[in-house]
Amino acid sequence: MSSSEDNNNTMSVIYRPVEKHEQQQAIDLWYSVFPTQKGFFERYFDPQASPNYQEGDTLGAWINEKLVSAIHIRRLHIRSRDDNTEYLCGAIANVATLEEHRKHGYSRHLLRMAITKMEQSEQFDLSVLGTGRPNHYSVLGWEQISLPSPISIEWSHFNSSGDNHHQWYSVNDILSSNSQVLLDIHSNKPRTYQFNRSPATMFQHWTGWNWNKENAIVYLLRDAQQGYIVITKSDNVNDVYVSEWRASNVDMEKKLFRLAANEIRRRQPQIKTIRFHTVPQYMTLEELEEWAGTVCVSKNDHTMMRNIRLSNEILEKIKAAYLSGHATFWTGDYF
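Rules and cut-offs
Residues numbered from 1 in each chain as written. Predicted model: local features only at pLDDT ≥ 70, side-chain atom pairs only at ≥ 80, totals over all residues. Heavy atoms only, no water. Core = buried A, V, L, I, M, F, W, Y, C linked by side-chain atoms within 4.5 Å. Buried < 20%, exposed > 50% of the residue type's maximum accessible area, 1.4 Å probe, protein only. Domains from an automatic or database assignment. Contact = heavy atoms within 4.5 Å. Buried area = accessible area lost by both parts, 1.4 Å probe. Salt bridge = Lys/Arg side-chain N within 4 Å of Asp/Glu carboxyl O. Polar contact = N/O pair within 3.5 Å; in protein donor to acceptor, adjacent residues only side chain to side chain. Helix = DSSP H or I, 4+ residues; strand = E, 2+ residues; numbered from the N terminus. Nonpolar A, V, L, I, M, F, W, Y, C, P; charged D, E, K, R; others polar. Pairing = 2+ DSSP bridges. Expected span 1.5 Å × (residues − 1). Arc of directions from axis to C-beta. Phe/Tyr/Trp six-rings, centres within 6.5 Å; stacked < 30°, edge-to-face > 60°. Lys NZ or Arg CZ within 6 Å of the ring centre and 35° of its normal.

An unreviewed UniProt entry lists the chain under the name N-acetyltransferase domain-containing protein, with Rotaria socialis given as the organism.

Enquirer: I'm lost on the nonpolar core in this one. Help?
Expert: Ranked by size, the top nonpolar core spans 65 residues in total, and within it Trp30, Trp142, Met305 and Tyr322 carry the most contacts. Each of domain 1 (13–124) and domain 2 (150–299) accounts for three or more of the residues forming this core. If near-sequence neighbours (up to four positions away) are discounted, tyrosine 322 is found in contact with Ile78, Ile145, Leu147, Pro148, Tyr193, Gln194, Met305, Ala327, Thr328 and Phe329. Listed in part, the 29 residues of the second largest apolar core include Trp155, Leu221, Ala260 and Ile271.

Enquirer: I'm lost on the domain arrangement of the chain in this one. Help?
Expert: Interfaces are often sized by the amount of accessible area the parts lose when they come together. Domain annotation for the chain reports domain 1 (13–124) and domain 2 (150–299). Each partner contributes to the roughly 1,800 Å² buried at the junction of domain 1 and domain 2, and carbon and sulfur atoms together form 57% of this total. At the boundary of domain 1 with domain 2, the tally comes to zero salt bridges. At the junction of domain 1 with domain 2, the criterion picks out eight residue pairs in polar contact (both at pLDDT 80 or more). Tallying contributions element by element places strand E4 (residues 66–80) first for the side of domain 1 that touches domain 2, with six residues. Each residue belonging to the side of domain 1 that touches domain 2 can be placed in one class, and the counts come to eight nonpolar, six polar and six charged.

Enquirer: How do you make sense of unusual backbone geometry when you look at a structure like this?
Expert: Working note: non-glycine residues mostly have negative phi, and peptide bonds are mostly trans. Residue proline 150 is reached from serine 149 by a cis peptide bond, and omega for that bond is -5 degrees. Within the secondary structure, proline 150 sits in strand E7 (residues 143–155). Between serine 198 and the following residue, proline 199, the backbone shows a cis peptide bond with an omega angle of 0 degrees. Checked against the element boundaries, proline 199 lands in the loop between strand E9 (193–195) and helix H5 (200–213). Of note in the backbone geometry, asparagine 84 takes a positive phi value of approximately 65 degrees without being a glycine. For asparagine 84, the position within the fold is in the loop between E4 and strand E5 (86–97). Taking relative accessible area as the criterion, asparagine 84 reaches 49% and is therefore assigned partly exposed. The residue glutamate 122 is not glycine, and still its phi comes out positive at about 60 degrees. Following the sequence through the fold, glutamate 122 ends up in the loop between helix H2 (106–121) and strand E6 (126–130).

Enquirer: What is the right way to look at the pairing of E4 in this model?
Expert: The side chains of a regular strand alternate, residue by residue, between the two faces of the sheet. Most of E4 is tucked away: 13 of the 15 residues are buried. As judged from the six bridges shared by strand E3 (residues 58–63) and E4, these two strands associate in the antiparallel manner. Each bridged residue has a counterpart across the sheet, and for alanine 61 the counterpart in E4 is serine 69. Adjacent in sequence and paired antiparallel, E3 and E4 are bridged by two residues, among which asparagine 64 carries a positive phi angle near 50 degrees. Pairing between E4 and E5: ten bridges, direction antiparallel. Paired with leucine 76 across the bridge in E5 is cysteine 89. Both E4 and E9 contribute to a ladder of three bridges, which runs antiparallel.

Enquirer: Help me understand helix H8 (residues 312–324), please; the structure alone is not making it clear to me.
Expert: An α-helical turn contains 3.6 residues, so a residue and the one three or four places further along point in the same direction. The end-to-end C-alpha separation of H8 is 18 Å, in line with the 18 Å expected for 13 residues at 1.5 Å each. Among the residues of H8, those classed as buried are Leu315, Ile318, Lys319, Ala321 and Tyr322. For H8, the angular spread of the buried residues around the axis is 155 degrees, confining them to a single face. Residues of H8 that are exposed and point over 90 degrees away from its buried face: Asn312 and Glu313. Among the structural elements, E4, E5, E7, E9 and strand E14 (293–307) are those in contact with the buried residues of H8.

Enquirer: Even after reading the chapter, I still don't get the packing of aromatic side chains, so can you show me in this structure?
Expert: Here a ring pair, both rings aromatic, is described through the centre-centre distance and the interplanar angle of the planes. Counting across every chain of the model gives 24 aromatic pairs. Relative to phenylalanine 45, the ring of tryptophan 30 has its centre 5.9 Å away and its plane inclined at 10 degrees; by these criteria the two rings are stacked. Taken together, the residues tryptophan 30 in helix H1 (residues 23–33) and phenylalanine 45 in the loop between H1 and E3 connect sequence positions 15 residues apart. For the pair formed by tryptophan 30 and phenylalanine 45, the shared burial category is buried. Members of the aromatic cluster, connected to one another through ring pairs, are Trp30, Tyr31, Phe40, Phe41, Tyr44, Phe45, Tyr53, Trp206 and Trp209. Sitting above the plane of the tryptophan 206 ring, arginine 74 keeps its charged end 3.7 Å from the centroid.

Take a look at the structure:
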């Protein structure tokens, strides 16, 4: 526990972890700062949604026994495809301060506490976060990672004549019947690095919730083919987007891309350019362009990463994978 004086209001500020009986205060604070659907913030403390949560992973600043600022460290594992090593990642989430208490350095103090907690625990390997305010975090050691996202393809060969028999599922339908299948494909056909979504309850509570929020539809390749692809905002001509996919090989990846492009065109006939979250899993950009059409790669600078205890060699390897798109943070993994 620590305390300090607010220079403007001479109020005593107490910084400490949020205890179990105070979790609702943190939830209420987050809803007041980040209005969203009910049920979202409760998941950070729900043992089914967040089985790795430990008391003390939420840090808060109190003034006169009122919680005025809070941040959360979500424990996620990033798995390496090459050697199956898992790295514990402290995903910084819900950095929130009540409006009337902003610009006094409360959240930055909490971020310093989070760094100290992760370093002293001897458990965390690195930390990531997503933000539109990089300067707030860069002074504390987080570094922007420019991800190749999204990519846009001027699709050159729409052809839906043979796709009518392919069934796209709503999120609720696919999760009720094939949740474990999706999780297994995600785990068994990994990119270079990826978040571990197990167990299935965590996958449903987070990835499923995010897909549902974005009005997603899912196509599933079964049996030996093994793969799936997700289209979000499928009925919105301006925002429709291929947000995630997994495939067993390049041929299955091409099949999934074609199915998604044709389904988007079927729903939105005026669309000529198809947006994908990131670069393909198996094709190079040159191969993709030759096969599908002109490719344009955008950059997303909202992701930041900070080392906790990795060697420079491993950290640079992880960063390089994300910079190239061989690893990515899917929208379904939003934390």
